[in-house]
Amino acid sequence: MSKTIVIGACGQIGTELVLALRKQNGNDAVIAADVKNDCPALLSEGAYMKMDILDREFVRTTIINQEITEVYLLAALLSATAEKNPDFAWRLNMEGLFTILDLAKEGHVSKIFWPSSIAVFGPTTPRDHTPQFTIMEPTTVYGISKLAGERWCEYYFNKHNVDVRSIRYPGLISYTSLPGGGTTDYAVDIFYQAKLGKKYTCFLSEDTALPMMFMEDAIRATLELMNAPNEKLTVRSSYNLSGCSFTPSELTSIIKRHIPEFEIEYVPDFRQAIAESWPKSIDDSQARLDWGWKENYPTDLLVKTMIDHVDPSLLNV
Ligand code: NAD
Ligand code: SER
């Protein structure tokens, strides 16, 4: 039986990705790993391991000895948190990637998924329908680390035949676990405050459009890319991927259709400058062409699903 590990499994994406991979491959085939001591209850149906991706020797020994052949590397600091600790963010976001790429180069790992982000783009990039191949001059440490990571992934594919696959996720919106410190987090936080009947203070201005995606679409895209035949894939840096796009004010209008008394105020902070350096919408025609990507969640459906499922008690866990 081939074994898979998800490193950074306790986070916003990892929690849902582990569940989806276990559904696809079986509980025993997927190990959840994270620097956190305790396994979240949701992931208790299969193996959990405490693992610090920065402990290169431990990661190498574990993957080699346990004959793990597929790695999903999610551990990272996201855009807002990374700006507060740039040195550590660069180290965390890059060192772990080299550890896993090297294991694949040596033949221990046969397939890698490593997520990139819309943060690879910068203020000089065309912001509407941002193309797959365009100017990329990111201004955040997070964006710089993701762009460097993309270049290394492509390099390891070209020079060492490493099967590494990647998606530039937009802002991801979900209700199973909370987001971990990104600039797009407002579009999750807002639903908790709306359901609690509280006024939401938004850290972006009302007219800041950003590309977003419902988590179910993002997880499906990840599995579809990982299951796609090798020869179909023409991008080994990272694929653009689009779900929907909206501003805080547009999101508020749709939430108000469900919760008319919902109120919002706008108090932009340092994350506003980050958001303004990113695309407003994404052209993902290469992903559609190569592996048949198509999103299922337009904004209206995303909002309805979030309102139906968000549970504010998660804020106290
Ligand atoms: P998250 O912050 O919610 O989760 C990251 C997980 O990594 C956490 O559980 C954390 O405990 C773990 N971690 C941190 N340091 C670690 C270490 N040293 N060793 C092992 N685990 C460690 O992040 P997420 O939103 O789930 O994002 C996962 C990946 O997807 C990241 O690479 C991120 O850049 C990328 N991404 C996320 C989004 C998004 O909107 N969520 C968008 C684009 C890209
Ligand atoms: N959602 C992520 C962030 O805001 C984008 O990579 O950091």
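We now turn to the structure provided with this report. Keep in mind that what you see is a predicted model, and the values were worked out from it rather than measured.

**Concerning the packing of helix α4 (residues 86-105) against helix α5 (residues 141-160)**
- Where α4 contacts α5, the two axes come as close as 10 Å, and the packing angle between them is 15°. Classified by the interaxial angle, the pair formed by α4 and α5 is roughly parallel. Handedness of the crossing formed by α4 with α5: right-handed. Counting all contacts with α4, which are made through P86, A89, W90, N93, M94, L97, F98, L101, D102 and K105, the residues of α5 involved are V141, Y142, I144, S145, A148, G149, W152, C153, Y156 and H160.

**Comments concerning the sheet that holds strand β3 (residues 48-50)**
- Pairing within the open sheet is parallel, and its 6 strands lie in the order β3-β2-β1-β4-β5-β7. At either margin of the open sheet sits one strand with a lone partner, and together these are β3 and β7 (164-165).
- Lying on the sheet, α4 is in contact with β1 (3-7), β4 (68-73), β5 (111-113) and β7; it crosses β4 at an angle near 155°.

**Section: the environment of Y297**
- Inspection of the secondary structure assignment puts Y297 in the loop between α10 (285-291) and α11 (299-309).
- The spacing of Y297 and E150 is 147 residues in sequence and 27 Å in space, taken between C-alpha atoms.
- Every residue in contact with Y297, bar those within four places of it in the chain, is listed here: F214, E216, D217, C244, L302 and T305.
- Looking at Y297, its side chain comes within polar contact range of the side chain of E216, at 3.2 Å.

**Here we look at the site of ligand 1**
- Looking at ligand 1, there are 26 residues lining it, with Q12, D34, D52, Y142 and K146 nearest.
- Here a nitrogen atom of ligand 1 and a backbone polar atom of M51 are 3.4 Å apart.
- The contact in question runs from an oxygen atom of ligand 1 to an N or O atom on the backbone of L74, over 3.3 Å.
- When ligand 1 sits alone it has 820 Å² of accessible area, and the protein chains cover 91% of it.
- Going through the elements one at a time, α1 (12-25), β6 (116-117), α5 and β9 (171-173) are the ones with two or more residues in the shell around ligand 1.
- A breakdown of the residues in the shell around ligand 1 according to their chemical character gives 15 nonpolar, 7 polar and 4 charged.

Rules behind the numbers
- Residues numbered from 1 in each chain as written.
- Chains lettered and ligands numbered in written order.
- Predicted model: local features only at pLDDT ≥ 70, side-chain atom pairs only at ≥ 80, totals over all residues.
- Heavy atoms only, no water.
- Axes fitted to C-alpha atoms, helices over the stretch in contact; angles between N-to-C directions.
- Helix = DSSP H or I, 4+ residues; strand = E, 2+ residues; numbered from the N terminus.
- Parallel < 35°, antiparallel > 145°, perpendicular 65-115°, else oblique.
- Left-handed = near helix turned anticlockwise from the far one by under 90°.
- Contact = heavy atoms within 4.5 Å.
- Pairing = 2+ DSSP bridges.
- Polar contact = N/O pair within 3.5 Å; in protein donor to acceptor, adjacent residues only side chain to side chain.
- Near = heavy atom within 4 Å.
- Areas by Shrake-Rupley, 256 points an atom, 1.4 Å probe, with all protein chains shown as cover.
- Nonpolar A, V, L, I, M, F, W, Y, C, P; charged D, E, K, R; others polar.

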